[in-house]
Amino acid sequence: MNQTGKYLIIAGVVLIILGLLVSFAGNKMAWLGNLPGDIKIEKENMKIYFPITTMVLISILLTVLIWLARKLF
């Protein structure tokens, strides 16, 4: 099996696990999109949402996970 296939399988498994986590623990993770620093603009006929803090948190978490995976494997 070549490397691309392996990475696609791993990505698929990770997405399935994340999907199950969100499905079964979705109400316990409601804080994730409502962190301080997330910008919400709501007008009469429009809503704009910039999840800046949430994206920074996810980026840091993914960076640490990828760094750990590279160190272990």
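Each remark here, short or long, concerns the structure printed above.
Nothing here was measured: the structure is a model prediction, and the numbers come from that model.

## Focus: the overall build of the protein chain
Consideration 1: Each helix and strand counted, the protein chain has 2 helices and 2 strands in total.
Consideration 2: Ordering the α and β elements of the protein chain from the N terminus gives α-β-β-α.
Consideration 3: On C-alpha atoms alone, the protein chain measures out to a radius of gyration of 17 Å, which is more than a quarter above the 11 Å that the 2.2 N^0.38 rule sets for 73 residues.
Consideration 4: Based on the C-alpha atoms only, the size of the protein chain along its principal axes is roughly 55 × 25 × 25 Å.

## A few points about the side chain of Thr-54
Consideration 1: Of note, Thr-54 is situated in helix 2 (residues 52-72).
Consideration 2: Note on Thr-54: relative accessible area 5%, which makes it buried.
Consideration 3: Filtering out sequence-adjacent residues up to four positions away, Thr-54 remains in contact with Leu-32, Gly-33, Leu-35 and Asp-38.

## Observations concerning the pairing of strand 1 (residues 39-42)
Consideration 1: As judged from the 4 bridges shared by strand 1 and strand 2 (residues 47-50), these two strands associate in the antiparallel manner. Bridge assignment links Lys-40 to a residue of strand 2, and that residue is Tyr-49.
Consideration 2: What sits between the antiparallel neighbours strand 1 and strand 2 is a turn of 4 residues.

## Quick word on the side chain of Asp-38
Consideration 1: By the element assignment, Asp-38 lies in the loop between helix 1 (3-25) and strand 1.
Consideration 2: Comment: no salt bridge for buried Asp-38; closest opposite-charge side chain is Lys-40, at 6.8 Å.
Consideration 3: Of the polar contacts made by the side chain of Asp-38, one reaches the backbone nitrogen of Ile-52; its length is 3.4 Å.
Consideration 4: Excluding its chain neighbours within four sequence positions, the residues that come into contact with Asp-38 are Leu-32, Gly-33, Tyr-49, Phe-50, Pro-51, Ile-52, Thr-53 and Thr-54.

What counts, and at which threshold
Residues numbered from 1 in each chain as written. Predicted model: local features only at pLDDT ≥ 70, side-chain atom pairs only at ≥ 80, totals over all residues. Heavy atoms only, no water. Helix = DSSP H or I, 4+ residues; strand = E, 2+ residues; numbered from the N terminus. Rg over C-alpha atoms; globule rule 2.2 N^0.38 Å. Buried < 20%, exposed > 50% of the residue type's maximum accessible area, 1.4 Å probe, protein only. Contact = heavy atoms within 4.5 Å. Pairing = 2+ DSSP bridges. Lys, Arg positive; Asp, Glu negative; His and termini not counted. Salt bridge = Lys/Arg side-chain N within 4 Å of Asp/Glu carboxyl O. Polar contact = N/O pair within 3.5 Å; in protein donor to acceptor, adjacent residues only side chain to side chain.

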